[in-house]
Amino acid sequence: MVLPCHAIDTPNHLENLIEPNHSKLQELNIGGCNWVDSQTVTNIAYGLPKLIRLGLFRCEQVQFTSCLNIVHQLVYLKHLNLQHIPGINSKEKAMLLLNHGKRRLEYIEYSDKLRKTVIKKIK
């Protein structure tokens, strides 16, 4: 987990931490960091290819299309936490992400009317 959020060089959207050819990072939790936006998510998608778990809960600036990019690019991703993101607030959107994701994506957490909901891929 990256804490505290305010200590990170936020204007660069994690660019200083990401080295695509050298990154072995498998888990990143930046939930609650209000500076995380679609640019940050795009940087994660292309710069952290080995991610297995990604926590973006309460990153309210993240857009649905950026999440589509994440599930498409991160081939090792198994778990994605998107709770309390306004653009992912229905089972239909969460299912679209789950089905758009690579084979390894197992489940997505999201919020439906402020309740935590988990959907799992049927194997």
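Residues numbered from 1 in each chain as written. Predicted model: local features only at pLDDT ≥ 70, side-chain atom pairs only at ≥ 80, totals over all residues. Heavy atoms only, no water.

Visitor: Mind showing me how you'd approach the sheet that holds strand E3 (residues 79–82) here?
Guide: In any sheet, the strands associate via hydrogen bonds between backbone groups, in a parallel or an antiparallel arrangement. Spatially, the 5 strands line up as an open sheet ordered E1-E2-E3-E4-E5, and their pairing is mixed. Sheet topology places strand E1 (27–29) and strand E5 (115–120) at the edges, where each strand pairs with a single neighbour. Averaged over all neighbouring strand pairs, the angle between strand axes comes to 15 degrees, with direction disregarded. Here E3 pairs with strand E4 (residues 107–112) via 4 bridges, running parallel. When the sheet's bridge partners are listed, Leu-82 is paired in E4 with Tyr-110. On top of the sheet, helix H3 (residues 91–100) reaches E3, E4 and E5; it is set at about 165 degrees to E4, its chief contact. (Pairing = 2+ DSSP bridges. Helix = DSSP H or I, 4+ residues; strand = E, 2+ residues; numbered from the N terminus. Axes fitted to C-alpha atoms, helices over the stretch in contact; angles between N-to-C directions. Contact = heavy atoms within 4.5 Å.)

Visitor: Even after reading the chapter, I still don't get unusual backbone geometry, so can you show me in this structure?
Guide: The phi angle of most residues is negative, glycine excepted, and most peptide bonds adopt the trans form. One non-glycine residue, Arg-58, adopts positive backbone phi at about 60 degrees. As for its position among the elements, Arg-58 is in the loop between strand E2 (53–55) and helix H2 (64–73). Unlike most non-glycine residues, His-84 shows phi in positive territory, near 60 degrees. Within the secondary structure layout, His-84 lies in the loop between E3 and H3.

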